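Topology and contacts: notes
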Amino acid sequence: MSSEDGNGLTRRNLLKTGAAAAGAAALGGCLDDVPGLGTTDRSATPVANAETAFGNCWMCCHNCAQEVKVNDDTVVGITGVDGNPRGSAGPGTNGTLCPKGLAQLDKTHDPDRIKQPYIREDGELREATWDEAFEYTAERLREFDDEHGAETFLDAGSWAETPIFRTIWRDLYGTPERIGRGVHVCAGPTFVTGGMMGVGSNNRIPDYQNAEYLIMWGRNPLEAFAGQFEAKGILKAIEENDATLVTIDPQYTETAEKSDEWLPIEPRTDGALALAMAHVIIQEGRLDLEFVQEHTHGFEAYREAVADKTPEWAEEITGIDADKIREIARGFAEAAPAAGISIWTGTAQVSNGWKASQNITALNGLVGNIDRPGGLRLWKGTPTADPFEVCEWTPDDKGTDVTIGVDLPNNAAGKEPALHKYEEYGEYPFRHIEGIAHNLVPEMVENGHINGIYCHHDMPLKDGNAEAWLDALDEMDLVIAVDAYWNGVTRNADVVFADATQLEKDTMGTGSWSAYPEHQWVVGGKAAVEPQFNTKPDWEILTGIAEAMGWGEYFPWDDHEEFIDDQLQAVDLTLDELDSGEKNYELVGEYGYEQWRDEDGPAFSFDLDQVPPFVQAAEEAGMDTAPEWQPPGTYGDELDEEYPLEFYDIRSVFFSHGSDQGIDRCLDQFARKNELEDEDYRGNYLHLNPADAEPRGIETGDMVTIESETGEGELMAHVTETIKPGFVTAEYGFGEGSAQEDYEGMNTMKLHAKQMDPITGQPDRHVAVDVTGGD
């Protein structure tokens, strides 16, 4: 499938000439001195007379609000919304959008989008009508169930703007197999340890605005954030609280640049540093003794684990000076409880990520910053109603009688995930914690335990063992894809549904963490423009499949807005009310700190010996239930003479999980950031230190080959002092299988085999490699 038209013009050529004006209007003057942050300077936009609509950005699904300018069903400008929970630093502050959010304009009107449905016929994808696509899908799903069983179908629908994909695949079709982004491919060790230790996945987002000491541990939130409130909250804490900012990262990032201290730690040694900090805090009596004694579990095991983990011990492992370790530990403890640590993928996508996450999270319990101002907030999500329980409707065959609620079946009940059901997976400890693992899917396909997939904007080819996944997609009997762009999944699908973009849909969003540490919130907006080309919103795609399958009775709503209104009943709002004001968010609840005082059990657990599934998994994996040190190579790759460099892929503010590499303006901005905009290359870059580049004869701009034990690829070198010697990185989401028309750059997961965290199955993205090339 080529995106080149009959005149030989590529999408890049067309956008450079055709959409440049609109793009410039949206971006003009939008970036301030902090990378990734925009502005809401309305005077800079030439669209003052356009109609206004609202959206909540779904590029990375974190709901930064959008004020959208529309002329003749064309989006001509986008800015942020002031005071938005995720896009601002709180009340009275600017709301802005990052380059991804601004690029919704490009995406919506991109002439190279998938413009209509396709179905595979005689081995080739052909254009189809929507009715054909729905009927064909229903026929194939029935045949699949008859031949393989619905329980062997995999739901990978985590990226949809509507929640009903789970209703369709789990409740109605009856599959227990589901992969979501959070635990399975993003940060399993971070999220799951947080849950077991008592703080939930909140162990990643501190109470920024009230903090006096912040540690960004393996994170770069001034570029890769979960909503711009993170970056703005950090800057606000520095400005208003004179907060100290510390970044622990092998790479000198934008966040490191703004920090008081940058600790260029050796990769995969975070767990050792955390234990040494605990050693200092305990030895010097800087812990919150009252909190530890009265509100925690397992401290004695923790104290024993850190007794001999001196800063000098950690210095040899981490490369961080022992005195600096003491200084950071003391500063963190002295500022507590107004001291927060943020972790996410940087310490989770690692073979020893479980213990790194446990050791780091334990520091919070030690200083008693749990749910206290400036510490690790126990964020509360906004309650919404279950539309299937509260909807009022009149059945077609029951006259005028009104029925309340939909009696959904549970056709997945009693169907055991294959990971638990079959002996073939007995060697994987994570089967006690999780139902499936991303990197294990190809093996499950080979074993006949997974035979089909529904993939909704997700990019499994970018999330681990890409070569094995490519083979698995070929082997599967049914691949259903919903997306806006051609990529490695849509090109290999049996049915392709052309999804509308977020600006073409009614959307509603809630969350927990935000710029409002004492409030719950909700955001929402109606479609800014009609679906372009012959596309449909995902709500209509999924209910269309349901209708064709004979499940129409379970979806009595006339449209997605009615469904959203039923969700909003719990907060006494409608989508129309959210969308009709000068902003599209509402604060709907207020809650206080120290919520753990309302619970009977301990507020925090250092030792996880009371969590039976973990105890079993840990025993099989050969690890302790308390914090402990596990060196690199215990589970993942070890460096050697053949593969002496450690590779890890990184994120960029311009792209979201490999789904937006088809947008040329983002590619150009990305090249400009790396000062390589004059090169005729728009792939990703391999960042390496001069100490590693010079012996190999490599200079910036050279095309180089990176090779692991199981794969290799070619991409452009970027030689820089901002990365430690012995460690190389590249942005992920490029190359084979990406949304970029020519697959330029490298799919970094082609280096990857099946490395996983043994407790959650999270892909371990640290790979031993060598690099060749240059002159």
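Everything numeric in this text was worked out from a predicted model, so none of it was measured.

1. A few points about the confidence of the model for the chain
Summing up the model confidence of the chain, the mean pLDDT is 92 and the portion of residues at 70 or higher is 93%. Here residues 1-45 is modelled with pLDDT under 50, and outside its nearest four sequence neighbours on either side it reaches 83 contacts, counting other chains as well.

2. Considering the sheet that holds strand 3 (residues 74-80)
Taking strand neighbours across the sheet as the criterion, the three strands line up as 1-2-3 in an open arrangement whose pairing is antiparallel. Looking at strand neighbours, the two that pair on one side only are strand 1 (51-56) and strand 3, the edges of this open sheet. Mean inter-strand twist for the sheet, computed between neighbouring axes without regard to direction, equals 30 degrees. Where strand 2 (residues 65-71) lies against strand 3, six bridges are found, and the strand directions are antiparallel.

3. Remarks on helix 19 (residues 466-475)
Every buried residue of helix 19 is listed here: A466, W469, L470, A472 and L473. End-on view of helix 19: buried residues confined to an arc of 160 degrees, all on one side of the axis. Residues D471, D474 and E475 are exposed on helix 19 and point more than 90 degrees away from its buried face. Against the buried residues of helix 19 lie strand 6 (153-156), helix 18 (441-446), strand 14 (452-456) and strand 15 (478-483).

4. Thoughts on the nonpolar core
Counting residues in hydrophobic clusters, the biggest one holds 73 residues, and the most contacted among them are W169, F497 and F555. Considering every element that reaches this core, the biggest residue donor is helix 5 (residues 130-147), with seven residues. By size, the runner-up hydrophobic cluster in this structure holds 60 residues, among which are A272, A278, I343 and V367.

5. Some details on the environment of T382
As for its placement among the helices and strands, T382 is situated in the loop between helix 15 (353-367) and helix 16 (387-390). Expressed as a C-alpha distance, the spacing of T382 and D122, which sit 260 residues apart in the sequence, is 49 Å. Filtering out sequence-adjacent residues up to four positions away, T382 remains in contact with T510, G511, Q520, W521, V571 and V588. Within the structure, T382 has its side chain in polar contact with the backbone oxygen of W521 (distance 2.5 Å).

6. Description of the packing of aromatic side chains
Scanning all chains against the criterion turns up 38 aromatic pairs. A ring pair is formed by W539 and W557, whose centres lie 6.2 Å apart and whose planes are at 75 degrees; its orientation type is edge-to-face. On the criterion of sequence distance, the pair formed by W539 in helix 20 (residues 538-548) and W557 in the loop between helix 20 and helix 21 (560-567) is long-range, its members being 18 residues apart. Neither residue differs from the other here; W539 and W557 are each classed as buried. An aromatic cluster is defined as three or more aromatic residues linked by ring pairs; in this entry it consists of F144, F153, W169, Y173, Y454 and W551. Against the face of W130 rests K536, its NZ or CZ located 5.4 Å from the ring centre. Across the ring face of Y585, the terminal group of K583 is positioned such that the distance to the ring centre comes to 4.5 Å.

7. Details of the pairing of strand 11 (residues 339-342)
Along strand 11, one buried face is formed by A339 and I341 and the opposite face, lined by G340 and S342, is buried too. Sheet analysis places strand 7 (residues 213-217) next to strand 11, joined by four bridges and oriented parallel. Looking at the pairing, M216 lines up with S342 of strand 11.

8. Description of the environment of P99
Relative to the helices and strands, P99 is located in helix 3 (residues 99-102). A sequence separation of 567 residues divides P99 from C666, and the C-alpha atoms of the two residues are 7.0 Å apart.

9. Side note on a negative patch on the surface
A cluster of acidic residues, E638, D640, E641, E642, E707, E709 and E712, forms a negative patch on the protein surface. Relative to the elements of secondary structure, E642 occurs in the loop between helix 23 (612-621) and strand 21 (645-650).

10. As for helix 5
In an α-helix, one turn spans 3.6 residues, which is why side chains three or four residues apart end up on the same side. The end-to-end C-alpha separation of helix 5 is 26 Å, in line with the 26 Å expected for 18 residues at 1.5 Å each. Buried within helix 5 we find W130, A133, F134, Y136, T137, A138, R140, L141 and F144. In the segment just after helix 5, G149 is the residue with positive phi, at about 95 degrees.

11. Brief notes about unusual backbone geometry
Here A336 and P337 are connected by a cis peptide whose omega angle stands at 10 degrees. For P337, the position within the fold is in the loop between helix 14 (322-335) and strand 11. Of note, the phi angle at R268 is positive, near 65 degrees, even though the residue is not glycine. Within the fold, R268 resides in the loop between strand 9 (261-263) and helix 10 (270-283).

12. Here's the deal with the pattern of salt bridges
Inspection of the entire model under this criterion finds 46 salt bridges. A salt bridge links D649 to R765; the nearest nitrogen and oxygen atoms lie 2.9 Å apart. You can see D649 sitting in strand 21 and its partner R765 sitting in the loop between strand 25 (727-731) and strand 26 (767-773), a full 116 residues away along the chain. For the residue pair D649 and R765, the accessibility class agrees, reading buried in each case. We note a salt bridge from K750 to E736, for which the minimum N-O separation is 2.5 Å. Taken as a pair, K750 in the loop between strand 25 and strand 26 and E736 in the loop between strand 25 and strand 26 lie far apart in primary sequence, 14 residues in all. What you see here is one network of salt bridges that share partners, running through E161, D499, K505 and D538.

13. Thoughts on the environment of G774
Note that G774 resides in the segment after strand 26. You can call G774 partly exposed: its relative accessible area is 31%. Through-space distance from the C-alpha of G774 to that of E699 is 6.5 Å; in sequence the pair is 75 residues apart. The contacts of G774, once residues within four sequence positions are left out, are G697, I698, D702, M703 and V704.

What counts as what
- Residues numbered from 1 in each chain as written.
- Predicted model: local features only at pLDDT ≥ 70, side-chain atom pairs only at ≥ 80, totals over all residues.
- Heavy atoms only, no water.
- pLDDT = per-residue confidence, 0-100.
- Contact = heavy atoms within 4.5 Å.
- Pairing = 2+ DSSP bridges.
- Helix = DSSP H or I, 4+ residues; strand = E, 2+ residues; numbered from the N terminus.
- Axes fitted to C-alpha atoms, helices over the stretch in contact; angles between N-to-C directions.
- Buried < 20%, exposed > 50% of the residue type's maximum accessible area, 1.4 Å probe, protein only.
- Arc of directions from axis to C-beta.
- Core = buried A, V, L, I, M, F, W, Y, C linked by side-chain atoms within 4.5 Å.
- Polar contact = N/O pair within 3.5 Å; in protein donor to acceptor, adjacent residues only side chain to side chain.
- Phe/Tyr/Trp six-rings, centres within 6.5 Å; stacked < 30°, edge-to-face > 60°.
- Lys NZ or Arg CZ within 6 Å of the ring centre and 35° of its normal.
- Patch = residues over 30% accessible without salt bridge, like charges linked within 9 Å, V, L, I, M, F, W, Y side chains within 5 Å.
- Areas by Shrake-Rupley, 256 points an atom, 1.4 Å probe, with all protein chains shown as cover.
- Salt bridge = Lys/Arg side-chain N within 4 Å of Asp/Glu carboxyl O.
- Lys, Arg positive; Asp, Glu negative; His and termini not counted.
- Charge placed at Lys NZ, Arg CZ, Asp CG, Glu CD.
- Expected span 1.5 Å × (residues − 1).

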